[in-house]
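Understanding the architecture of this molecule
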Amino acid sequence: MEQQKTDTPAILGGKPAVTLPQDEANRWPILTEEDERAVVEVMRSGNITTHPIARELENDYAEFTGRRFALSHNNGTSALMAAFFAIDLQPGDEVIVPTATFWASVIPMLWLGAVPVFCECEEERLGLCPADVEAKITDKTKAIVIVHLWGLPSKMTELQAIAAKHGLKIIEDASHAHGAKWRGKPCGALGDISVFSLQGDKLAPGGEGGVFLCDDEAYLERAMCMGDMMRMLELQTPAMRFAGTTFGIKTRIAPVSAAIARVQLRHLAKRNARRNENLVYLSEALESLGFHTYLGPEHVERVYFEFLVRHNEAATGLPLDWLIEALAAEGCEVQRPRYPLLHQQPLFTEGAWQQIARLPEGAPVREYRPEDLPRTQTGNELIFKLPSFPNADRSLLDQYIVAFQKVVTNAETISAAKG
Ligand SMILES: Cc1ncc(COP(=O)(O)O)c(C=O)c1O
């Protein structure tokens, strides 16, 4: 592909580099007749509430991750709630969590009175920074929530060692990482309890749905007590006596969602491979222009829930806002990442979280300040998002590469025009 150094950037009146249609290339989820047949089969059975397909989905996930137990849920948020309940978090217990994640990785714990302790992300893989985790451990710390952000496995060697040293539980939120591996082990098998969301954007979606995974039967029992009356009835333990009331929440999956999720899981490896092939190709081109694309170290097999790129103004010569504007003018779909940092949200900065957590009288109240995690904030400000190209051909990727080349090689002219 010839580098078009002399082409006028579209932002300065030139022709856009990206002209191919993008809707199909970026369409997600991919739903086919196979999904339709699976849904219709459930509907025709007449049992759209307690259909055994939920159990089949659990078997699939247990096999996929190598875990002993799986319990399906109506969404990932309730699977996370079950995880926090299963490890028996008590009012005032502290849990170390990332701030750069979807709220569901953190907020459910408030209902148990647990206190999130937000931690810096490291720059290499955007997971929890092990040094900051260790610095934030107190005698109240009970657990760590690890999120493999955007599909890139976190620094598990260090994080598992810290958890073992301090006797902390690991809740693994693998909602972005269906099919990713760390040292050959699947994400979903790296926590005391692991959770996947099956929400419609995810890599193996069911529309709405979640999966709770563990190896310890006691965790499974507590998750069933919290949210699944029918499964409690099957318990061979004294907890079965609570089946008449449950613990008050109902979280089982709708069988129609389970049907879609099973089909999607069967296609996961092939569809991940397509995304990876496209995004590694694009990443290599962007790296050569001075961007960081989070390819991950060798012992990690990442997947791409979303494709994030870190900008380096020194290499491109453009501030990020101008870069984004210039790329958008070229026809690129380019955005800022969509998660706000949690510790900066009014729920925390205005203290409203205490209305949920209701800490015991006299318990010390943690304050959250927007400036608390400067490294994560600075890092987050450098990141932008491109499509994950689940169905794209090389021709579209090549047009994106030309767009980047045009913008970067014309950075000076663009800056002069903007300035
Ligand atoms: C990291 C992460 N955790 C948890 C969830 C919550 O899952 P759900 O939307 O299925 O409740 C999501 C996304 O939706 C997520 O992105």
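Residues numbered from 1 in each chain as written. Predicted model: local features only at pLDDT ≥ 70, side-chain atom pairs only at ≥ 80, totals over all residues. Heavy atoms only, no water.

**What to know about the nonpolar core**
- Ranked by internal contacts, the top residues of the largest apolar core, which has 104 residues, are Tyr61, Ile193 and Phe212.
- When residues in this core are grouped by element, the largest group, 8 residues, is from helix α3 (residues 76-86).
- Counting contributing residues, this core receives three or more from each of domain 1 (10-29 + 268-337 + 379-418) and domain 2 (33-264). (Core = buried A, V, L, I, M, F, W, Y, C linked by side-chain atoms within 4.5 Å. Buried < 20%, exposed > 50% of the residue type's maximum accessible area, 1.4 Å probe, protein only. Helix = DSSP H or I, 4+ residues; strand = E, 2+ residues; numbered from the N terminus. Domains from an automatic or database assignment.)

**Considerations on the domain arrangement of the protein**
- Domain annotation for the protein reports domain 1 (10-29 + 268-337 + 379-418) and domain 2 (33-264).
- Look at where the C-alpha atoms of domain 1 and domain 2 centre, and you get two points 31 Å apart.
- Contact residues are listed per partner, giving 22 residues for domain 1 and 24 residues for domain 2.
- Of the roughly 2100 Å² buried where domain 1 meets domain 2, counting both sides, 63% is carbon and sulfur surface.
- Summed over the shared surface of domain 1 and domain 2, the number is 0 salt bridges.
- Seen at the junction of domain 1 and domain 2, the total is 11 residue pairs in polar contact (both at pLDDT 80 or more).
- Mapped by element, the contributors of at least two residues to the side of domain 1 that touches domain 2 are α8 (255-288), β10 (300-301) and β11 (307-310).
- Looking at which element gives the most residues to the side of domain 1 that touches domain 2, the answer is α8, with 4 residues.
- Of the residues contributing to the side of domain 1 that touches domain 2, the split by class is 12 nonpolar, 4 polar and 6 charged. (Contact = heavy atoms within 4.5 Å. Buried area = accessible area lost by both parts, 1.4 Å probe. Salt bridge = Lys/Arg side-chain N within 4 Å of Asp/Glu carboxyl O. Polar contact = N/O pair within 3.5 Å; in protein donor to acceptor, adjacent residues only side chain to side chain. Nonpolar A, V, L, I, M, F, W, Y, C, P; charged D, E, K, R; others polar.)

**Examining the sheet that holds β10**
- Ordered by their spatial adjacency, 3 strands build an open sheet running β7-β6-β10, and the pairing between neighbours is antiparallel. Of all strands in the sheet, those with a lone pairing partner are β7 (185-186) and β10, marking the two edges.
- Alignment of strand β6 (residues 181-182) against β7, held across 2 bridges, turns out to be antiparallel. Bridge pairing in β7 places tryptophan 182 opposite lysine 185. (Pairing = 2+ DSSP bridges.)

**Some words on the packing of aromatic side chains**
- Within this structure, the stated rule accounts for 18 aromatic pairs.
- Here the aromatic rings of phenylalanine 291 and phenylalanine 404 are separated by 5.3 Å at their centres, their planes lie at 90°, and the arrangement is edge-to-face. Of this pair, phenylalanine 291 sits in the loop between α8 and β10 while phenylalanine 404 sits in helix α14 (residues 394-409); the two residues are 113 residues apart in sequence, bridging distant segments of the chain. Each member of the pair phenylalanine 291 and phenylalanine 404 is classed as buried.
- Ring plane angle 75° and centroid distance 5.8 Å describe the contact between tyrosine 304 and phenylalanine 307, whose orientation is recorded as edge-to-face.
- One aromatic cluster is present, built from ring pairs that chain together Phe102, Trp103, Trp150, Phe305 and Tyr339.
- The cationic tip of arginine 222 hangs over the ring face of phenylalanine 85; the distance from NZ or CZ to the ring centre is 4.1 Å.
- Between the NZ or CZ atom of arginine 302 and the centre of the ring of tyrosine 304, over which it lies, the distance is 3.8 Å. (Phe/Tyr/Trp six-rings, centres within 6.5 Å; stacked < 30°, edge-to-face > 60°. Lys NZ or Arg CZ within 6 Å of the ring centre and 35° of its normal.)

**Section: the pairing of strand β5 (residues 169-173)**
- Burial within β5 is extensive, with 4 of its 5 residues counted as buried.
- For strand β4 (residues 141-147) and β5, the ladder comprises 5 bridges, and the chain directions are parallel. Opposite valine 145, over in β5, you have isoleucine 171 as the bridge partner.
- As judged from the 3 bridges shared by β5 and strand β8 (residues 193-197), these two strands associate in the parallel manner. When the bridges of β8 are listed, isoleucine 171 appears paired with isoleucine 193.

**A closer look at the packing of helix α10 (residues 320-329) against α14**
- Running from amino to carboxyl end, α10 crosses α14 at an angle of 135°, the nearest separation of the two axes being 10 Å. In terms of their interaxial angle, α10 and α14 are classed as oblique. Every pair of crossing elements has a handedness; the one defined by α10 and α14 is right-handed. Counting all contacts with α10, which are made through Leu323, Ala326 and Leu327, the residues of α14 involved are Ala403, Phe404 and Val407.
- Broken down by class, the residue content of the contact of α10 with α14 amounts to 6 nonpolar, no polar and no charged. (Axes fitted to C-alpha atoms, helices over the stretch in contact; angles between N-to-C directions. Parallel < 35°, antiparallel > 145°, perpendicular 65-115°, else oblique. Left-handed = near helix turned anticlockwise from the far one by under 90°.)

**Regarding the sheet that holds strand β1 (residues 69-73)**
- Read across the open sheet, the 7 strands follow the order β1-β9-β8-β5-β4-β2-β3; overall the sheet is mixed. Taken across any chain shown, the strands that pair with only one partner, and hence form the sheet edges, are β1 and β3 (115-119). Strand-to-strand twist in this sheet, taken as the mean axis angle between neighbours without regard to direction, amounts to 20°.
- Packing of helix α2 (residues 53-65) onto the sheet brings it into contact with β1, β8 and β9 (210-214), and relative to β1 it is tilted by some 130°.

**Comments concerning the site of the ligand**
- In the neighbourhood of the ligand, 17 residues make up the surrounding shell, with Gly76, Thr77, Asp173, Ser197 and Lys202 lying closest.
- Between an oxygen atom of the ligand and a side-chain N or O atom of tyrosine 339, the distance comes to 3.1 Å.
- When isolated, the ligand has an accessible area of 380 Å², and the protein chains bury 94% of it.
- When grouped by side-chain class, the residues that make up the shell around the ligand number 5 nonpolar, 10 polar and 2 charged. (Near = heavy atom within 4 Å. Areas by Shrake-Rupley, 256 points an atom, 1.4 Å probe, with all protein chains shown as cover.)

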